[in-house]
Every structure is written in structure tokens, then in C-alpha cells.
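# Tertiary structure, described
The lines below spell out each chain.
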Amino acid sequence: MFRFAAPLVLLTGAAILFWQWPVSSDDAPNSAATAQPNITLMTSLPIIWGEAASMTEIISGEAVPEPIYAHWQARYKMEAVDSLEALPGSETDLIILAQPKAMDPADIAALDTWIREGGRAIILTDPMLVWPTELPLGDSRRPLATGLLSPLLDHWGLELLAPDETGSEVVELELDNLVIVTAGIGTFDLVDPANETNGQCTLSVGRVLAQCEIGDGQAILIADADFLNSGFWSDDKGWNAGQLSNAMKLADRLVSQLIGKTS
């Protein structure tokens, strides 16, 4: 379980969030779990092929994925899907929803049932995505500007709240000893917390993260997805290896937190 410590602190426009992570210092997956977990990914973010990739480039292998997706491919058995219809009975160890497009009721029901039966999920749902795109409004390839998982969150007793007008500013989040850069961070609120029928969720200080026990399974939710954007991992001198590493470490720690419970 996550252990939440000090409060959300605002310093010169930077949101600083502290909590402690019960994982090893090298962020390696739990040795009791499979060496390469099977992870199913559903996302609207242009991290798999890149936003401008053509079908010819995809088929030829010339399309370049975002660094976070390349990292996941090297570390895990990753499969990107547009539907969860094949989820029941699959060998999936973990699902990552990273700002997914609107899910139909059948997919929501399949996900909820799968988690209740012992599944694990990481859900990044951003109420104010600041991900830059040159695709025109209405283009189905555009990343989703705001999270559309309200039916699922409501079923679990959660509400996703957008930041105020200044919320799109770039901020630094400090999570234990990791500092990541992001923007448009939302928060969660508990809806009828006394009712534990559908799920029992605990919010981090600052309410940016929710950890939910759903039946026999578990979900970790973050009210942000922009931290996956490699555009936040660079500085005036080019690539900032520390930012790149920390964003990847954060994602890996979430995976380790959940996969470690599958043994």
C-alpha cells in the first residue's frame, strides 16, 4: 500500500507532492512477479507511433514511438488495444489506461468485472490535458483533452475535478525522491465515502492520486497524463536525462506496486 506523508505545498508556482513508495531503490519489478509482465495499454495519447506517423511509416517500421512507450516495450510485454472485449480469460497481468478515448459500456463493464476478480489497473485520467498537437479539432487521432471516465469513476466512488484557470501552468511534482514536470493536474474527490459497496478508495495528500480496492483487485489512479510527454523532459540544453528517468521511474513504480501483489 502507498503511505501518504506531507501535504501538497505550493512554492513559486510549483506544486510539490510528497509520499513514500514501498519499492526498491532501483525500481526493479518484484522478483516474485513475472520477469516481463503482460500489460495491456489503452490510450488516446500519440505515444505509440508518434502523432505525425503515416501508415507507410508504421508498416515500414520508420515511425518512432515516444520514449515512454519505447521504454515500456523494452521492459514489459506491452500490447496496445482499442477495445477490452478480449480481456476476460486473457493473460493480462496489468491494464494501463492512459487518457483513453471514451469507452463504451461493454468495455467499462469488462474492466470493472476483471478488476473485481483480482485484476490490477493503472489509470491516468487528465481533466486538462496540455499535450501539444497539430491535428485539427475533430480529428480522431487527437489526444483526448479531458478524461471521459466519469461512469467508471462514479461507480467506484470517485469524482475527477479540473484545476482552476491557472491550472494549465507547468509545475514540478515531487514524489518521494522523484521530481517530474507536468501540467494541467487535476484532483480526485470521494463521492459518498461511507458507501463501500462498489469500491474503497484512499486519496493521497493533495488528492492527485487515488488507490482503490475494487473487489479482489486494485486500481491506482492519477489525475494527470501529461507527465508521459517527453516535451516536459527537455531543457534549454536539450534532453534532461533526470526528468526522462524520473518520469519512467514513476511509471515503473506504479507497475511494481501492483504487479508485486500478483504473486
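See above for the structure.
In short, a report on the structure.

Definitions and limits used
- Residues numbered from 1 in each chain as written.
- Predicted model: local features only at pLDDT ≥ 70, side-chain atom pairs only at ≥ 80, totals over all residues.
- Heavy atoms only, no water.
- Disulfide = S-S within 2.5 Å.
- Helix = DSSP H or I, 4+ residues; strand = E, 2+ residues; numbered from the N terminus.
- Pairing = 2+ DSSP bridges.
- Axes fitted to C-alpha atoms, helices over the stretch in contact; angles between N-to-C directions.
- Buried < 20%, exposed > 50% of the residue type's maximum accessible area, 1.4 Å probe, protein only.
- Right-handed = clockwise from strand over helix to strand, strands pointing away.
- Core = buried A, V, L, I, M, F, W, Y, C linked by side-chain atoms within 4.5 Å.

## Focus: the state of the cysteines
With the rule as written, the count across this model stands at one disulfide. Note that C201 is cross-linked by a disulfide to C212, the S-S spacing being 2.0 Å. Across the S-S bond linking C201 and C212, the dihedral sits near 110°, which makes this disulfide right-handed. Taken together, the residues span a long stretch of sequence, with C201 in strand β13 (residues 200–203) and C212 in strand β14 (residues 209–214) at a distance of 11 residues.

## Some details on the sheet that holds strand β15 (residues 217–222)
Here seven strands make up an open sheet; going across it, the order is β6-β5-β7-β8-β15-β14-β13 and the pairing mixed. Each end of this open sheet is capped by a strand with a single partner; those strands are β6 (77–80) and β13. Taking each pair of neighbouring strands and ignoring which way they run, the sheet shows an average axis angle of 20°. Bridge count between strand β5 (residues 38–43) and β6: four bridges; the pairing is parallel.

## A few points about the environment of A106
In this structure, A106 sits in helix α3 (residues 105–116). Separated by 23 residues in the primary sequence, A106 and S83 place their C-alpha atoms 9.2 Å from one another.

## With respect to unusual backbone geometry
For Q99, which is not a glycine, the phi torsion comes out positive at approximately 50°. Within the secondary structure, Q99 sits in the loop between β7 (94–98) and α3. For R207, which is not glycine, the phi dihedral falls at a positive 60°. Looking at the element boundaries, R207 is found in the loop between β13 and β14.

## Regarding the pairing of β7
The buried count for β7 comes to five of five residues, which makes it a mostly enclosed element. Side-chain alternation along β7 places L94, I96 and A98 on one buried face and I95 and L97 on a second face that is also buried. Strand direction decides the pairing type here: β5 and β7, joined by five bridges, are parallel. Along β7, the bridge assignment pairs T43 with A98. For the crossover that starts at β7, traverses α3 and ends in the parallel strand β8 (residues 120–124), the hand is right-handed.

## Observations concerning the nonpolar core
One finds L41, I47, W72 and L228 to be the most contacted residues of the largest nonpolar core, which totals 35 residues. Elements with a minimum of two residues in this core: β5, α2 (67–75), β7, β8, β10 (170–175), β15 and α5 (241–259). Of all the elements, α5 adds the most residues to this core, at seven residues. Among the nonpolar cores identified, the runner-up in size contains 28 residues, and M42, V81, L111 and A223 belong to it.

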